[in-house]
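Inside the fold
Chain by chain, the residues run as shown.
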Amino acid sequence: MKKNTIIFDLDGTLLYTLEDLKAAVNHALILKGYKPRSLEEMRHFFGNGIRYALREAEPEASDEDIAGLVSIFKEYYREHCLDKTCPYKGIPELVSGLAAEGYKLAIVSNKVDMAVKELAEHFFPEIQVAIGESPEVRRKPAPDTVFTAMKELGASAEDSVYVGDSEVDLATARAAGLPCISVLWGFRDRELLEAEGAECFAETPDMVREQIEKMNS
């Protein structure tokens with residue numbers, strides 16, 4: 001069956017968000033008296049949602065402190081999620097081209113749902129469905145966000161492809177029964193992704209299209 005539905009991860013796949021995430025995390029850490037973390041450290045913290053990232057940033061924090069850090073992060077990030085965030089080079093053309101050709105497009109992310117929807121609407125109005133972390137659906141690597149996106153798009157696992165940059169995305173695609181294209185411009189490197197079992201790679205956005213066309217040939 002032709003792959004006509006593309007489900008994208010957001011951070012590290014469509015958007016470079018790391019600097020705004022770093023600013024929000026460090027704002028929360030400093031307010032709570034913890035030391036700030038570097039951009040390179042942040043690269044490895046994200047992928048499993050903000051609570052996990054803050055736990056990685058401050059392993060000694062109590063559960064109560066983590067809850068406070070999450071609250072501070074969300075308030076700050078809501079106002080600053082567009083300060084330095086931008087699409088990776090070639091991504092707008094990839095998305096608009098796929099939409100023009102009739103592909104069904106979705107975003108699924110472990111970022112809070114409000115931010116996912118705001119960023120998707122701002123940068124990618126062609127993408128029909130955008131789903132983030134919320135009480136209603138389990139976060140990735142559970143397949144819930146993918147299943148919800150496919151349901152809203154009227155798609156199935158047989159006609160869908162997942163595109164992401166991390167080991168969390170690989171696990172999510174496996175759980176949902178989808179092939180995964182692992183991009184190499186995001187938060188993880190090829191060595192880590194290969195160790196996690198990745199087999200299909202894209203070094204540029206154009207290569208995402210090539211991999212989709214190969215699946216459909």
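For the structure, check the block above.
For the structure given in this document, a descriptive report is provided here. Source: prediction; values computed, not measured. (Residues numbered from 1 in each chain as written. Predicted model: local features only at pLDDT ≥ 70, side-chain atom pairs only at ≥ 80, totals over all residues. Heavy atoms only, no water.)

On the basis of which strands lie adjacent, the open sheet formed by six strands has the order β5-β4-β1-β6-β7-β8 and parallel pairing. The two strands at the open ends of the sheet, each matched to only one other strand, are β5 (129–133) and β8 (201–202). Pairing between strand β1 (residues 5–8) and strand β6 (residues 160–164): four bridges, direction parallel. Considered in β6, the bridge of Phe 8 is made with Val 163. (Pairing = 2+ DSSP bridges. Helix = DSSP H or I, 4+ residues; strand = E, 2+ residues; numbered from the N terminus.)

According to the stated counting rule, one finds zero disulfides in the structure shown. The thiol sulfur of Cys 81 is not disulfide-bonded, and the nearest other cysteine sulfur, from Cys 86, lies at 13 Å. Overall, Cys 81 belongs to the buried group, its relative accessible area being 2%. (Disulfide = S-S within 2.5 Å. Buried < 20%, exposed > 50% of the residue type's maximum accessible area, 1.4 Å probe, protein only.)

Take the environment of Ile 127 next. Within the secondary structure layout, Ile 127 lies in the loop between α6 (113–123) and β5. It is 16 Å that separates the C-alpha atoms of Ile 127 and Cys 86, two residues lying 41 residues apart in sequence. Dropping the residues within four chain positions of it, Ile 127 is found in contact with Leu 14, Val 95, Leu 105, Ala 106 and Ile 107. (Contact = heavy atoms within 4.5 Å.)

Let's shift gears to the pattern of salt bridges. Scanning all chains against the criterion turns up twelve salt bridges. Between Glu 19 and Lys 84 there is a salt bridge, with its nearest N and O atoms 3.5 Å apart. Here the residue Glu 19 occupies a position in helix α1 (residues 18–31), and Lys 84 occupies one in the loop between α4 (63–80) and β3 (86–87), the gap between them amounting to 65 residues. Lys 84 gets classed as exposed once you look at its relative accessible area, which sits at 52%. Here Glu 101 and Arg 209 are joined by a salt bridge, their closest N and O atoms 2.5 Å apart. Of this pair, Glu 101 sits in the loop between α5 (91–100) and β4 (104–112) while Arg 209 sits in helix α10 (residues 205–216), and the two are 108 residues apart along the sequence. Bridged by salt links that share partners, the residues Asp 9, Lys 140 and Asp 169 form one connected network. (Salt bridge = Lys/Arg side-chain N within 4 Å of Asp/Glu carboxyl O.)

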